[in-house]
Amino acid sequence: MSKTLFQKIIDREIPADIVYEDDDCLAFRDVAPQAPTHVLVIPKKPIASLDELADNDATLLGHLWLVIRNLANELQLADGYRVVVNCGSDGGQTVDHLHFHLLGGRVLSWPPG
Ligand code: AMP
């Protein structure tokens, strides 16, 4: 199976504006930002989507949420922010590697399209 775009970013085969990395995850700025701050947080483990999470991914998932909380703090999103996971074609997922969109820096409307 060919590598996803995000796997290539993890493997440093294509460049990205990385804002955080540890043993289990990577965070980098979205190439087409939808808000003044738009960061993608991804596990290094190749999980295709939210739907593909295994029961034993719970610790990893908890870690990702704490990384997101810390990043929101570091990126000065004190007024609030939104975390989005698109899942599957109806959900608007375009890259088959689980990713969390961290969006902030402006008032975000609701409901989404
Ligand atoms: P989704 O539509 O939820 O699958 O989100 C995929 C996201 O990846 C989109 O917001 C794209 O703008 C973003 N994206 C695509 N290519 C790159 C890239 N090379 N570097 C950073 N973000 C990217």
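No experiment lies behind these values; they were computed from the predicted model shown.

**Observations regarding the site of the ligand**
Point 1. As a structural note, the neighbourhood of the ligand is formed by 16 residues, with Asp-30, Asn-86, Thr-94, His-99 and His-101 the closest of them.
Point 2. Separating a nitrogen atom of the ligand from a backbone N or O atom of Val-31 is a distance of 3.2 Å.
Point 3. Within the backbone of Gly-92, a nitrogen or oxygen atom sits 3.0 Å from an oxygen atom of the ligand.
Point 4. Taking 500 Å² as the accessible area of the ligand by itself, protein coverage stands at 82%.
Point 5. When atoms are counted within 2 Å of each cavity's grid points, the one that captures over half of the ligand is the largest pocket.
Point 6. Of all the elements in the fold, those that place two or more residues in the shell around the ligand are helix 1 (5–10) and strand 2 (25–29).
Point 7. With three residues, helix 1 is the largest single contributor of residues to the shell around the ligand.
Point 8. Class assignment of the residues belonging to the shell around the ligand gives a composition of eight nonpolar, six polar and two charged.

**Considering the nonpolar core**
Point 1. Formed by 16 residues in total, the largest nonpolar core has its most connected members in Val-39, Val-41, Leu-64, Leu-71, Leu-75, Phe-100 and Leu-102.
Point 2. Counting only elements with at least two residues in this core, the list comes to strand 2, strand 3 (37–43), helix 2 (58–74) and strand 5 (100–104).
Point 3. The element best represented in this core is helix 2, accounting for six residues.
Point 4. Apart from the residues within four sequence positions on either side, Val-39 is in contact with Val-19, Ala-27, Phe-28, Arg-29, Asp-30, Leu-71, Leu-75, Phe-100, His-101 and Leu-102.
Point 5. Formed by eight residues, the second largest nonpolar core is a distinct cluster that contains Phe-6, Ile-10, Leu-40 and Ile-42.

**Focus: the pattern of salt bridges**
Point 1. According to the stated counting rule, one finds six salt bridges in the structure shown.
Point 2. A salt bridge links Asp-57 to Lys-45; the nearest nitrogen and oxygen atoms lie 2.5 Å apart. Remark: Lys-45 occurs in the loop between strand 3 and helix 2 and Asp-57 occurs in the loop between strand 3 and helix 2; sequence separation between them is 12 residues.
Point 3. Residue classification places Asp-57 among the buried positions, given a relative accessible area of 4%.
Point 4. Three or more residues joined by partner-sharing salt bridges are found here, namely Lys-3, Asp-11 and Glu-13.

**Considerations on the sheet that holds strand 2**
Point 1. If you trace the five strands from one edge of the open sheet to the other, you get 1-2-3-5-4, paired in antiparallel fashion. Since the sheet does not close on itself, it has two edges, and those belong to strand 1 (18–21) and strand 4 (81–84), each with one partner. Strand-to-strand twist in this sheet, taken as the mean axis angle between neighbours without regard to direction, amounts to 20°.
Point 2. Pairing of strand 3 with strand 5, which is carried by five bridges, proceeds in the antiparallel orientation. The partner of His-38 across the bridge, within strand 5, is Leu-103.

**Some details on the packing of aromatic side chains**
Point 1. Summed over all chains, the structure comprises two aromatic pairs.
Point 2. Taken together, a centroid distance of 5.4 Å and an interplanar angle of 75° make the contact between Phe-6 and Phe-28 edge-to-face. Of this pair, Phe-6 sits in helix 1 while Phe-28 sits in strand 2, and the two are 22 residues apart along the sequence. The residues Phe-6 and Phe-28 share a single accessibility class, namely buried.
Point 3. Judged by centre distance (5.4 Å) and plane angle (75°), the ring pair of Trp-65 and Phe-100 falls under edge-to-face. Taken together, the residues Trp-65 in helix 2 and Phe-100 in strand 5 connect sequence positions 35 residues apart.
Point 4. According to the relative accessible area criterion, Phe-100 is buried, its value standing at 2%.

Rules of the game
- Residues numbered from 1 in each chain as written.
- Predicted model: local features only at pLDDT ≥ 70, side-chain atom pairs only at ≥ 80, totals over all residues.
- Heavy atoms only, no water.
- Near = heavy atom within 4 Å.
- Polar contact = N/O pair within 3.5 Å; in protein donor to acceptor, adjacent residues only side chain to side chain.
- Areas by Shrake-Rupley, 256 points an atom, 1.4 Å probe, with all protein chains shown as cover.
- 1 Å grid on protein atoms, 1.4 Å probe; cavity = no way out; pocket = protein on both sides within 12 Å on 5 of 7 lines; lining within 4 Å.
- Sits in = over half its atoms within 2 Å of the grid points.
- Helix = DSSP H or I, 4+ residues; strand = E, 2+ residues; numbered from the N terminus.
- Nonpolar A, V, L, I, M, F, W, Y, C, P; charged D, E, K, R; others polar.
- Core = buried A, V, L, I, M, F, W, Y, C linked by side-chain atoms within 4.5 Å.
- Buried < 20%, exposed > 50% of the residue type's maximum accessible area, 1.4 Å probe, protein only.
- Contact = heavy atoms within 4.5 Å.
- Salt bridge = Lys/Arg side-chain N within 4 Å of Asp/Glu carboxyl O.
- Pairing = 2+ DSSP bridges.
- Axes fitted to C-alpha atoms, helices over the stretch in contact; angles between N-to-C directions.
- Phe/Tyr/Trp six-rings, centres within 6.5 Å; stacked < 30°, edge-to-face > 60°.

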